[in-house]
Amino acid sequence: MIMIGTSCSNHYRIDDLRCENLTNPLGIDGTTPHLSWKVAANQNGIHQTAYQLLVASDSSLLTAGKADLWDSGKVESENSVMVPYTGNTLKSSSLAYWKVGVWDEKSSKPVWSNTAFFSVGLLKPEDWKGSYIGLTQDTGNSECPLLFKQFDINKLGEKAILHVNSLGYHEIYVNGQKVGDEVLSPSVVQFNKRSLAVTYDITPYLQQGRNDLIIWLARGWYQPGLPGVAYYGPLVKAQLDELHDGQWNTLFATDASWKSRESGRFGIGTWQPHQFGGERVEAGRVPTDFTSATLDALTWEAAKIVDVPSHAVSPRMTQPNRIQANINPVKISNLDSSGWLIDMGQAITGWMEIGFPELPEGQEIVIEYADHLENGQLASQGQIDRYIASGKNGEVFKNQFNYHSFQYVKISNLPSKPQSDDIHAYLIHTDYQDASSFECSDAELNAIHDMIHHTLHCLSLGGYLVDCSHIERLGYGGDGNASTQTAQTMFDLSPLYANWMQAWADCIRDDGSMPHTAPNPYRAGGGPYWCGFIITASWKTYVNYGDSRMIEKYYPEMKRWLQYVENYSVDGLLDKWPDEDYRWWFLGDWATPDGVDQTAKPSVDLVNNCFVAECYATMEKIATVLAKPDEAAVFAERAGQRRQLIQERFFDNANNSYATGSQIDLIYPMLSKVTPQELIPNVINTLYSTTEVDKKGHLATGLVGIPILTEWATANHSADWVYGMLKKKDYPGYLYMIENGATATWEHWNGRRSRIHNCYNGIGSWFYQAIGGIRPDERFPGYRRIIISPQVPAGITWAKVSKETPYGTVAVDWSLRENLLQLDLVVPSGSTAILQLPDSVVEYTVDGTNFPSSSPTEIPGGQHRIIYSLK
């Protein structure tokens with residue numbers, strides 16, 4: 001056994017311990033978790049050379065250096081990301097504490113981290129002791145019921161863990177206190193295949209003697225008529241397990257002994273497009289609190305046990321939703337006799353809270369929401385809450401089991417003007433960490449970046465990314481493909497994608513067909529770019545986070561979908577497949593500006609086949625990582641064959657163009673390696689010419705085209721071209737949105753329908769990968785090797801960009817003064833950076849050492865200054 005060394009060092013420390021990329025997770029979904037940590041160094045060149053992992057069933061064993069579950073011994077390795085647990089076998093409910101010691105190249109003893117922990121969830125059906133329960137009678141009014149269990153504890157145990165598997169949303173209250181600060185739990189799921197379990201440590205809430213447990217439920221996506229919904233619901237299965245002397249025992253589980261009643265809260269809306277509604281609160285019927293006295297005074301009925309169709313119950317593996325910001329209004333105005341108009345000053349997804357003056361009992365206050373105005377009135381978007389007053393002083397409405405996307409709020413039937421201090425909007429999203437920063441010398445560019453950053457905050461509630469949170473609320477694969485590189489650059493989203501990819505795998509049909517959304521509650525439009533998301537997103541998650549779980553787990557589903565594509569390929573190229581009851585349309589690009597025909601069949605076929613070629617190329621890389629060389633060779637061959645056929649069918653030799661000659665038609669063949677090298681300069685000339693002449697220097701593409709344009713332009717170092725398009729203030733463009741009041745990006749360039757949307761956020765990665773010059777090397781995933789190659793368009797004189805990686809923070813701070821470009825670079829310990837030099841560099845220095853322009857440089861972890869001499 002390696003003896004524990006010092007707990008600190010003057011040169012580095014160990015922090016950000018994670019299990020399955022989560023911090024101290026309760027109830028993980030497996031018994032062989034992956035552990036990660038970061039080495040934070042304060043000197044250049046320090047990096048991990050070895051580690052030792054200790055995992056124990058009690059934290060006191062780690063303090064003594066006696067790990068009863070796993071002592072890895074000293075492992076000579078630089079790896080600190082997703083290290084697999086290989087200790088004693090874990091099982092359901094296992095609770096483990098762990099720490100890691102790290103050596104650098106000079107240390108004789110390891111530096112040790114603080115202690116972290118994780119627990120295993122209930123993994124087998126037989127682990128669950130309870131039944132699904134709900135209201136005794138369902139009236140069809142979408143009640144949000146209360147389920148109540150009173151129990152006594154003679155002696156408190158070491159730990160009390162509550163496992164909750166709700167079909168619909170839930171909140172937990174123990175002895176009058178809400179457990180934790182998460183909201184709208186659990187995350188989304190495909191209910192006909194799976195439901196999610198959430199694990200709570202309620203030890204601090206329990207007391208000797210009487211205890212009261214309330215589970216407050218709401219339907220959420222568990223709506224009648226949707227797949228897997230067998231009862232009007234909502235329902236819950238739960239059990240309380242207690243640890244005594246190292247042994248787990250179930251105190252109780254959900255059964256007919258539980259009590260139920262309505263709560264005074266009800267859902268509004270069907271959760272179909274344009275009908276997400278909100279909540280109705282009958283304040284006089286809502287319990288004032290959940291103290292024992294209040295609960296005893298209420299009338300209860302026995303809960304009803306409900307048989308639910310068999311499905312998988314899995315632990316939730318993403319962060320919960322939490323409130324992220326509290327926003328006050330910027331303006332309150334009178335809409336004549338129709339009510340009060342509140343302007344929050346920015347787009348937001350989340351909850352509304354409004355304090356009212358004294359109201360007569362029974363008065364109904366109507367609260368409506370929209371993300372924009374039309375002719376001075378709220379746009380009609382189906383978002384509404386209703387509050388029925390109790391007649392008591394200090395009445396407050398606050399959302400609880402639904403949410404809205406909005407900037408404007410209309411309050412009707414309120415006689416006096418509401419006060420600004422009584423109005424709060426709460427931004428809510430999955431509780432991931434922001435992982436980036438961007439600022440440059442161009443204020444308009446900063447505004448575009450910030451708008452995209454904020455938009456993605458508004459679209460990431462529930463463990464997935466949606467198109468929009470108020471009109472459709474669907475996890476479209478096309479919108480996901482359009483925004484994944486941006487989102488995974490800006491935020492730490494590996495757990496969110498783990499949840500989302502699980503839903504995609506659950507949605508595949510027996511013939512290998514995929515829907516356009518996951519979860520897939522009903523029919524939705526899209527095309528192949530939507531269906532193949534499980535391939536592209538799983539690969540990007542591996543590249544950006546070093547997390548191989550998704551490419552390993554869903555590789556079979558990826559192959560099945562590609563076989564489906566082959567079944568609908570004619571003469572080697574994909575043709576339109578049939579509409580289904582879960583999927584329709586066969587799009588190429590989508591939401592293009594006026595004058596670009598996204599329905600033209602040559603463009604649709606070109607775009608879709610380029611995407612398929614990209615999927616085959618990605619599958620070659622995935623198979624290589626998974627050590628399947630024979631399958632990798634097959635995928636490479638199919639990618640090559642399709643590229644050749646695309647070139648033969650769609651290239652217009654006379655005009656150096658493809659298909660319709662739109663931006664996406666010209667760029668996608670180059671990006672997907674269809675275009676022969678000798679023809680690329682001619683196609684680029686066509687692209688630049690048509691953009692300048694025909695499109696007046698504007699972006700002229702849509703949801704699919706924006707990320708394709710961004711990726712190609714970044715790789716091609718076409719920063720001036722992109723910068724010129726971004727600076728356009730007239731239609732279509734991002735500054736056009738901002739000039740017209742946008743604080744979030746729109747669904748259409750002209751502002752039609754949704755103004756909090758995921759169509760055009762693909763450009764966001766350009767700020768980091770082009771201006772900042774920070775790109776991951778796919779061969780060394782998780783930014784273990786970082787490519788540093790900032791692009792400096794004319795008009796920008798400085799930029800400060802950072803990206804939090806699995807190894808730590810990489811930061812670029814460059815400034816241009818005449819013919820000198822100074823770049824201050826921070827490389828995380830455990831990573832190396834590769835400088836790719838601009839063509840205009842004559843020579844450069846790294847930390848004072850001169851290098852000729854032809855000399856590539858590998859930069860170790862630490863802080864460095866690079867000075868380029870430019871032509």
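Reading guide: rules and limits
- Residues numbered from 1 in each chain as written.
- Predicted model: local features only at pLDDT ≥ 70, side-chain atom pairs only at ≥ 80, totals over all residues.
- Heavy atoms only, no water.
- Pairing = 2+ DSSP bridges.
- Helix = DSSP H or I, 4+ residues; strand = E, 2+ residues; numbered from the N terminus.
- Patch = residues over 30% accessible without salt bridge, like charges linked within 9 Å, V, L, I, M, F, W, Y side chains within 5 Å.
- Areas by Shrake-Rupley, 256 points an atom, 1.4 Å probe, with all protein chains shown as cover.
- Salt bridge = Lys/Arg side-chain N within 4 Å of Asp/Glu carboxyl O.
- Lys, Arg positive; Asp, Glu negative; His and termini not counted.
- Charge placed at Lys NZ, Arg CZ, Asp CG, Glu CD.
- 1 Å grid on protein atoms, 1.4 Å probe; cavity = no way out; pocket = protein on both sides within 12 Å on 5 of 7 lines; lining within 4 Å.
- Points joined across faces, edges and corners; volume = space filled by probe spheres on them.
- Nonpolar A, V, L, I, M, F, W, Y, C, P; charged D, E, K, R; others polar.
- Core = buried A, V, L, I, M, F, W, Y, C linked by side-chain atoms within 4.5 Å.
- Buried < 20%, exposed > 50% of the residue type's maximum accessible area, 1.4 Å probe, protein only.
- Contact = heavy atoms within 4.5 Å.
- Expected span 1.5 Å × (residues − 1).
- Polar contact = N/O pair within 3.5 Å; in protein donor to acceptor, adjacent residues only side chain to side chain.
- Disulfide = S-S within 2.5 Å.
- pLDDT = per-residue confidence, 0-100.
- Axes fitted to C-alpha atoms, helices over the stretch in contact; angles between N-to-C directions.
- Parallel < 35°, antiparallel > 145°, perpendicular 65-115°, else oblique.

> Just checking my understanding: could you explain the sheet that holds strand S2 (residues 34-41) for this structure?
For sheets, the rule is that strands pair by backbone hydrogen bonds, running either parallel or antiparallel. Within the open sheet, the three strands sit side by side as S1-S2-S6. Their pairing is antiparallel. The strands lining the two open edges of the sheet, one partner per strand, are strand S1 (12-19) and strand S6 (83-84). In this sheet, S2 lies alongside S1 in antiparallel orientation, the contact comprising six bridges. Across the sheet, residue Arg-18 finds its bridge partner in S2, namely Ser-36.

> I'm lost on a negative patch on the surface in this one. Help?
A cluster of like negative charges, contributed by Asp-58, Asp-68, Glu-158 and Asp-245, occupies part of the molecular surface. Within the secondary structure, Asp-68 is located in the loop between helix H1 (59-63) and strand S4 (70-71).

> Quick question: what am I supposed to make of the layout of surface pockets here?
Where empty space is left becomes clear once a probe the size of a water molecule has been rolled over the atoms. If you add up the space inside the largest pocket, you get close to 1,400 Å³. Around the largest pocket, the lining comprises 45 residues; the ones closest to its centre are Glu-614, Lys-621, Leu-671, Glu-711 and Glu-778. Mapped by element, the contributors of at least two residues to the lining of the largest pocket are helix H4 (477-490), helix H7 (533-545), helix H10 (601-625), helix H12 (663-671), helix H14 (705-715), helix H17 (764-771) and strand S42 (774-776). A per-element tally of the lining of the largest pocket places H14 first, with seven residues. Taken together, the residues that form the lining of the largest pocket break down as 16 nonpolar, 18 polar and eleven charged.

> Would you mind going over the pattern of salt bridges with me for this structure?
Where charged atoms of side chains with opposite charge meet at close range, the side chains can pair. Taken as a whole, this structure holds 34 salt bridges when the rule is applied. When the shortest N-O distance is used, the salt bridge between Asp-181 and Arg-322 registers 2.5 Å. With Asp-181 in the loop between strand S14 (177-178) and strand S15 (194-201) and Arg-322 in strand S25 (residues 321-327), this residue pair connects regions lying 141 residues apart in the sequence. For Glu-279, the salt bridge goes to Arg-265, with nearest N and O atoms at 2.9 Å. Note that Glu-279 is positioned in strand S21 (residues 278-282) and Arg-265 in strand S20 (residues 265-268), a separation of 14 residues in sequence.

> Teacher, can you tell me more about the pairing of strand S51 (residues 862-870) here?
Within a regular beta strand, the side chains point alternately toward one face of the sheet and then the other, so they alternate between its two faces. Relative to S51, strand S46 (residues 820-827) runs antiparallel, the two sharing eight bridges. Each residue of the ladder has a partner; that of Leu-823, found in S51, is Ile-866. Where strand S48 (residues 841-846) and S51 come together, five bridges link them in antiparallel fashion. Bridge pairing in S51 links Val-841 to Leu-870.

> In this structure, what is going on with the nonpolar core? I would like to understand it.
With 210 residues, the main nonpolar core has Tyr-497, Trp-561, Tyr-734 and Trp-766 as its most contacted residues. The greatest single-element share of this core, amounting to twelve residues, is contributed by H10. Every residue in contact with Trp-766, bar those within four places of it in the chain, is listed here: Leu-445, Thr-710, Thr-714, Ala-719, Val-722, Tyr-723, Leu-726 and Ile-771. Counting 27 residues, the second largest nonpolar core, distinct from the first, contains Ile-28, Leu-35, Leu-69 and Ala-116.

> Any chance you could explain empty space enclosed by the protein here in plain terms?
On inspection of all chains with the given rule, the structure shows seven cavities of 30 Å³ or more. Approximately 180 Å³ is the volume found for the largest cavity. Lining the largest cavity are 17 residues, and of these Arg-18, Lys-38, Asp-492, Thr-805 and Pro-806 sit closest to its centre. Those elements giving two or more residues to the lining of the largest cavity turn out to be S1, S2, strand S35 (433-434), strand S37 (491-492) and strand S44 (798-805). Tallied by class, residues from the lining of the largest cavity come to six nonpolar, four polar and seven charged.

> Would you mind going over the sheet that holds S14 with me for this structure?
Pairing is antiparallel in the open sheet, where six strands are placed in the order S14-S13-S16-S11-S19-S22. In this open sheet, the two edge strands, each paired with only one partner strand, are S14 and strand S22 (301-302). Note: strand S11 (residues 146-153) against strand S16 (residues 209-218), eight bridges, orientation antiparallel. Its bridge partner lying in S16, Phe-148 is registered against Ile-214.

> Would you explain helix H3 (residues 443-458) in this entry?
Quick reminder: α-helices carry 3.6 residues per turn. Residues three or four places apart thus point the same way. The first and last C-alpha atoms of H3 sit 23 Å apart over 16 residues, in line with the 22 Å expected at 1.5 Å per residue. Of all the 16 residues making up H3, twelve are buried; the element is thus mostly covered by neighbouring parts of the structure. Residues of H3 that are buried include every one of Leu-445, Asn-446, Ile-448, His-449, Met-451, Ile-452, His-453, His-454, Thr-455, Leu-456, His-457 and Cys-458, and no others. With a side-chain oxygen positioned 2.9 Å from the backbone nitrogen of Glu-444, the residue opening H3 is Asp-442.

> It is not clear to me how the side chain of Glu-20 should be interpreted in this structure. Could you clarify?
Turning to its location among the elements, Glu-20 is positioned in the loop between S1 and S2. For Glu-20, a relative accessible area of 5% gives the class buried. Apart from residues no more than four positions distant in its own chain, Glu-20 is found in contact with Thr-32, Pro-33, His-34, Met-82, Met-317, Pro-495 and Arg-549.

> Honestly, the state of the cysteines in this entry has me stumped. Any pointers?
Here, disulfide denotes a covalent bond that connects the sulfur atoms of two cysteines. Per the counting criterion, the structure on display carries zero disulfides. As a non-bridged cysteine, Cys-610 has Cys-615 as the owner of its nearest cysteine sulfur, 11 Å distant. A relative accessible area of 0% places Cys-610 in the buried class.

> Is there a simple way to think about the confidence of the model for the chain in this case?
Close inspection of predicted coordinates is inappropriate for parts of the model with low pLDDT. Summarising the model, the chain shows a mean pLDDT of 95, and 98% of its residues fall at 70 or more. The low-confidence segment residues 1-8 (pLDDT under 50) makes 20 contacts with residues lying over four places distant or belonging to another chain.

> Would you mind going over the packing of H4 against H7 with me for this structure?
Two numbers describe a pair of packed helices, the interaxial angle and the distance between the axes. Contact pair H4 / H7: the axes reach a minimum separation of 10 Å and the direction vectors enclose 5°. Accordingly, the angle class assigned to the pair H4 and H7 is roughly parallel. Note on element contacts: H7 touches H4 through Phe-533, Thr-536, Ala-537, Lys-540, Thr-541, Asn-544 and Tyr-545, opposite Gly-477, Gly-480, Asn-481, Thr-484, Gln-485 and Gln-488. Classifying every residue of the contact of H4 with H7 by side-chain character gives three nonpolar, nine polar and one charged.

> Is there a simple way to explain the pairing of strand S18 (residues 247-253) in this structure?
By the bridge criterion, six bridges tie strand S17 (residues 235-244) to S18 in an arrangement that is antiparallel. What sits directly across from Gln-239, in S18, is Ala-253. With antiparallel pairing between neighbouring strands as the criterion, S17 and S18 make up a hairpin whose turn holds two residues, including Asp-245 at a positive phi of roughly 50°.

> Explanation requested: unusual backbone geometry in the structure shown.
Trans peptide bonds make up most of the peptide bonds, and negative phi angles are found at most residues other than glycine. Note the cis peptide between Gly-233 and Pro-234, where omega equals 0°. On the secondary structure map, Pro-234 appears in the loop between S16 and S17. A cis amide bond links Ala-518 to the next residue, Pro-519, at an omega of -5°. Structurally, Pro-519 is set in the loop between helix H5 (494-507) and helix H6 (528-531). Unlike most non-glycine residues, Ala-659 shows phi in positive territory, near 45°. With respect to the secondary-structure elements, Ala-659 resides in the loop between strand S41 (657-658) and H12. Accessibility expressed as a relative area gives 30% for Ala-659, which makes it partly exposed. Unusually for a residue other than glycine, Asp-847 sits at a positive phi of about 50°. Along the chain, Asp-847 turns up in the loop between S48 and strand S49 (849-852). On the basis of relative accessible area, Asp-847 is assigned to the partly exposed category, the value being 43%.

> Could you clarify how one ought to interpret the environment of Lys-124 in this entry?
Along the chain, Lys-124 turns up in the loop between strand S9 (116-119) and strand S10 (133-134). Since its relative accessible area comes to 49%, Lys-124 is described here as partly exposed. Spatially, the C-alpha atom of Lys-124 lies 31 Å from that of Arg-261, the residues being 137 residues apart in sequence.

> I keep staring at the environment of Ile-471 and nothing clicks. Help me out?
Counting through the fold element by element, Ile-471 comes out in the loop between H3 and H4. Judged by relative accessible area, which is 1%, Ile-471 ranks as buried. Placed 313 residues apart in sequence, Ile-471 and Arg-784 show a C-alpha to C-alpha distance of 40 Å. Those residues within four positions of Ile-471 in sequence are excluded, and the remaining contacts are Gln-272, Pro-273, His-274, Phe-276, Gln-381, Arg-753 and Ser-754.

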